Each structure stands twice: as structure tokens, then as C-alpha cells.
Amino acid sequence: MNTANHNLNSKPIGFFDSGVGGLSVYARFKDILPSENTLYFGDTIHLPYGNKSKNELISFARSILNFYKTKDVKAVVIACNTSSAQAYETVKDEYEFKIYPIIQPCTQIIASGGAKRIGVFATEATVKSGVYTKELLKHNHTLLIKEIACPNWVNIVESGKYKNDASADDIKQHLTEMSEFRPEKIILGCTHYPYLMNILSKFADKELFIDPAEIFVKYIKEDLKKSQLLNTNGIKGDEEIFVSSCPESFKEHSKIFYNVKNVTLCKI
Ligand code: DGL
């Protein structure tokens, strides 16, 4: 018997990140679950998250989750590794809707993927939290893990400096440092980094990199299904995209991943 509650199922799912990065997750989600009604919040006024303190990141997450509470969401996807690393544990039980952080479910799957030496590129705050190493080892204690912070990469994406020589040099330098560890796989542990795949793949085999977005979206789909929260009405879902500053720049720099049509400026 299908006991799904159709009013609940048609409620929106909220996504958030500091900027355009989370669209790398959002775009896949829209492909895989086109009937879901969705909201996206890019907290561009606080960008980048990677150099913020734990308390600041908890406060940003609470503001966005409170905003989503007013939107009557059925779930929120933290499409941001930094917030998943620094804020999720603190806020996870404060709301009635489901909250999906990107790191915790993805590491469980990656830990059993066969690679023994795993590199992680992430923001300073994510690396400082040690959550990637902790979560990977929780699921497979034989792994060898090296995390490297890439403090300039979010700015390269948000300012569209892909063709700049300094950007390529910065990326190459971090890859050189990582290659000394001889990783079998490298997790792109910040949702902005898949935007840099064209540059990364100039210096290393594309197959080396794991963009957790795909694993994450499959996990969310299965969990929504298990919880009978999937919207199965077969009608294309609505969407609304919000940013806390600079809507035009957001629209411009999101193009690689998603065709953002309307962006609403929303100061929460
Ligand atoms: N894209 C986010 C992440 O996955 C935040 C990056 C930032 O704003 O520093 O960590």
C-alpha cells in the first residue's frame, strides 16, 4: 500500500551553499528528480565560507535553515562541504525536516570503493575540521588519507578567472603537492571544485577525481524514496533561486553548471 502523503511530497526541497558551487549538486538533482519542487540559496554575502570560523558557519547555516522553515520545506540539502563539516553536527536535530549533508553519506560510499590512498582537496575550514579523514576512516580504517586546503580555488570559480595563468599555476601547485602522496583517487571536497575540471584535467587524468555530487544525489533519492517523500506526480517541478548579494555575478558564473534564469536577492 502506498501511504505517501501527497501534500508533504509536493513540498519543496531547499539547497544551500556559499555561492554557485552547490549548483554542481543541484544541477544533477534536477536531472535525476525533475518533478521535485526546489529552492536554492547562495549565501554570496558571506562568501567564501572556507575562511570562516565554526561559530560563523553555524550561524550562517541556522539563518538559511530558518529561512527554509518559513518556506515549509520537506528537506534541506547542504550542498556545501564546509557547512557539512563545521555546522551540520550542531544544527542537525534543531529542525523537523530532513537535513542532508554532503560529506557524511558520500564518504561511506567512497570508503568502500576500492581505492586505498585517497586525497582530498577542500577549503581551509573543511580541512581544519578533519571530518573527511574521520568519516572515511570510520567506514574503512585501512585507508591512507591526505587532505590539502586550496584557499584560492573558490575565488577562481566565483570570479570566473579560469583562463588566468595564475589560476592554472595555483591549481598545478596543489596537484604537485598531492601527487607526492601518490593518491589512487582525489575527492573534490568542495562543491565549487568540479567547475575547475577542465584545468585539473590538463595536469592529471580526469579519472583520478571524484566529484561527490553524483553519489550524493543518488543517496538523497534513495533516502527520499525510503521515507516516502519523493514527488511522483510526473510534472516538472518549480524552482526559485535566492542569493544574499550580487545576483548578476551569480547568474554569470553559474553558467557552466546550470542555466539560472531568475535570481532573487534575499537578505535573511
Ligand atoms: N562550496 C563550498 C564547499 O563545498 C564552500 C566554499 C567556500 O565558500 O569557501 O565547501
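Colleague: How should the site of the ligand be read in this particular structure?
Modeller: Around the ligand sit 13 residues in total, of which S18, Y49, G50, T82 and H192 are the nearest. In the environment of the ligand, an oxygen atom lies 2.8 Å from a nitrogen or oxygen atom belonging to the backbone of G50. Within the contact set of the ligand, an oxygen atom lies 2.8 Å away from a backbone nitrogen or oxygen of N81. Coverage of the ligand by the protein amounts to 99% of the 300 Å² it exposes when considered alone.

Colleague: Hey, could you run me through the pairing of strand 2 (residues 38–42) in this one?
Modeller: A regular strand places its side chains so that they alternate between the two faces of the sheet. Burial within strand 2 is extensive, with five of its five residues counted as buried. Bridge count between strand 1 (residues 13–17) and strand 2: five bridges; the pairing is parallel. Counted as the bridge partner of F15 is Y40 from strand 2. With respect to chirality, the unit in which strand 1 leads through helix 2 (residues 23–32) into the neighbouring parallel strand 2 is right-handed. Relative to strand 9 (residues 239–243), strand 2 runs parallel, the two being bridged by five bridges.

Colleague: What is the right way to look at the sheet that holds strand 5 (residues 117–122) in this model?
Modeller: The strands that make up a sheet are held in pairs by hydrogen bonds between backbone atoms, and each pair lies either parallel or antiparallel. In spatial order, the strands read 6-5-7-8; together these four strands make up an open sheet with parallel pairing. Taken across any chain shown, the strands that pair with only one partner, and hence form the sheet edges, are strand 6 (144–149) and strand 8 (209–210). With four bridges connecting them, strand 5 and strand 7 (residues 185–188) associate as parallel partners. In the strand pairing of strand 7, F121 is matched with L188. Taken strand by strand, helix 10 (residues 165–179) contacts strand 5, strand 6, strand 7 and strand 8, and its axis lies near 160 degrees from that of strand 6.

Colleague: Just checking my understanding: could you explain unusual backbone geometry for this structure?
Modeller: Excluding glycine, most residues fall at negative phi; most peptide bonds, likewise, are trans. That bond from L47 to P48 is cis: its omega, -5 degrees, falls within 30 degrees of zero. Even without being glycine, R182 reaches a positive phi, approximately 55 degrees. Owing to a relative accessible area of 56%, R182 belongs among the exposed residues under this scheme. In this structure, Q228 takes a positive phi of about 55 degrees despite not being glycine.

Colleague: What's the story with the packing of aromatic side chains in this structure? I'm lost.
Modeller: Any aromatic ring pair is given by two values, namely how distant the centres are and how the planes are angled relative to each other. Using the criterion set out here, one finds 14 aromatic pairs in the structure. Arranged with centres 5.2 Å apart and planes meeting at 85 degrees, the rings of F67 and F242 form a pair that is edge-to-face. Of this pair, F67 sits in helix 3 (residues 54–70) while F242 is found in strand 9, placing the two residues 175 residues apart along the sequence. There is no split in this pair, since F67 and F242 are both buried. Arranged with centres 5.3 Å apart and planes meeting at 25 degrees, the rings of Y95 and F97 form a pair that is stacked. One aromatic cluster in this structure is built from F15, Y26, F29, Y40, F250 and Y258. Here the basic side chain of R117 rests over the ring of F181, its NZ or CZ set 4.7 Å away from the ring centre.

Colleague: What is the right way to read the pattern of salt bridges from this model?
Modeller: Where charged atoms from two side chains of opposite charge approach closely, those side chains can pair. Per the stated rule, a full pass over the model turns up 10 salt bridges. With a shortest N-O distance of 3.1 Å, D211 and R28 are connected by a salt bridge. In this pair, D211 sits in the loop between strand 8 and helix 12 (213–226) while R28 sits in helix 2, placing the two residues 183 residues apart along the sequence. Among the salt bridges present, the one from E252 reaches K255, with a minimum N-O distance of 3.1 Å. For E252, a relative accessible area of 45% puts it in the partly exposed group. Judged by relative accessible area, K255 falls into the exposed class, the value being 57%. Sharing partners across several salt bridges, the network here consists of R28, D211, E214 and K218.

Colleague: Just to check I follow, could you spell out the side chain of T126 for this structure?
Modeller: Structurally, T126 is set in helix 7 (residues 124–129). Here T126 falls in the buried class, since its relative accessible area comes to 0%. Once residues lying within four places of it in the same chain are set aside, the contact partners of T126 are N81, T82, A85, I103, V131, Y132, E147 and G189.

Colleague: Would you mind showing me how to read the environment of K218 here?
Modeller: The topology assignment puts K218 in helix 12. In the structure, K218 is positioned 186 residues away from I32 in sequence and 8.2 Å away in space, judged by C-alpha atoms.

Reading the values: the criteria
Residues numbered from 1 in each chain as written. Predicted model: local features only at pLDDT ≥ 70, side-chain atom pairs only at ≥ 80, totals over all residues. Heavy atoms only, no water. Near = heavy atom within 4 Å. Polar contact = N/O pair within 3.5 Å; in protein donor to acceptor, adjacent residues only side chain to side chain. Areas by Shrake-Rupley, 256 points an atom, 1.4 Å probe, with all protein chains shown as cover. Buried < 20%, exposed > 50% of the residue type's maximum accessible area, 1.4 Å probe, protein only. Helix = DSSP H or I, 4+ residues; strand = E, 2+ residues; numbered from the N terminus. Pairing = 2+ DSSP bridges. Right-handed = clockwise from strand over helix to strand, strands pointing away. Contact = heavy atoms within 4.5 Å. Axes fitted to C-alpha atoms, helices over the stretch in contact; angles between N-to-C directions. Phe/Tyr/Trp six-rings, centres within 6.5 Å; stacked < 30°, edge-to-face > 60°. Lys NZ or Arg CZ within 6 Å of the ring centre and 35° of its normal. Salt bridge = Lys/Arg side-chain N within 4 Å of Asp/Glu carboxyl O.

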